[in-house]
Amino acid sequence: MGEVIQFVSKSERERERLIREARAIYDSIFPSTDPIGEQAGTHARRNDGSSRS
């Protein structure tokens, strides 16, 4: 069967890069207490009760 090729604009790629960079910075400041939950894609809860995605 044929392949589906999706166009991703330069601005969308930049947006995704900035999000990844911001998450990396956040994770370096607030390390995850549940690395298994992070790998599974679930929402991790920090000890202060806030949730992150």
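Scroll up for the structure.
First things first, this report covers the structure right here in the doc. (Residues numbered from 1 in each chain as written. Predicted model: local features only at pLDDT ≥ 70, side-chain atom pairs only at ≥ 80, totals over all residues. Heavy atoms only, no water.)

**A closer look at the overall build of the protein chain**
Rules: Helix numbers and strand numbers start at the N terminus; a helix is a DSSP run of H or I with at least 4 residues, a strand a run of E with at least 2. Note that accessible areas follow from Shrake-Rupley with a 1.4 Å probe, and for residues the cover is restricted to the protein chains shown.
Broken down by element type, the protein chain carries two helices and two strands. Written out in order from the N terminus, the α and β elements of the protein chain read α-α-β-β. With the model as given, the accessible surface of the protein chain reaches about 5000 Å², and the carbon-plus-sulfur share is 55%.

**Structural notes on the packing of aromatic side chains**
We apply this condition: The rule is short: rings of Phe, Tyr and Trp, with Trp giving its six-membered ring, pair when the centres are within 6.5 Å, and they are stacked under 30 degrees, edge-to-face over 60, tilted in between. For the exposure calls, accessible area comes from a 1.4 Å probe over protein chains only, and a residue counts as buried if that area is under 20% of its type's maximum, exposed if over 50%, partly exposed in between.
One pass over the structure, following the stated rule, counts one aromatic pair. Ring centres 4.9 Å apart and planes at 45° place the aromatic pair tyrosine 26 and phenylalanine 30 in the tilted group. Owing to a relative accessible area of 29%, tyrosine 26 belongs among the partly exposed residues under this scheme. Of the residues examined, phenylalanine 30 reaches a relative accessible area of 34% and is grouped as partly exposed.

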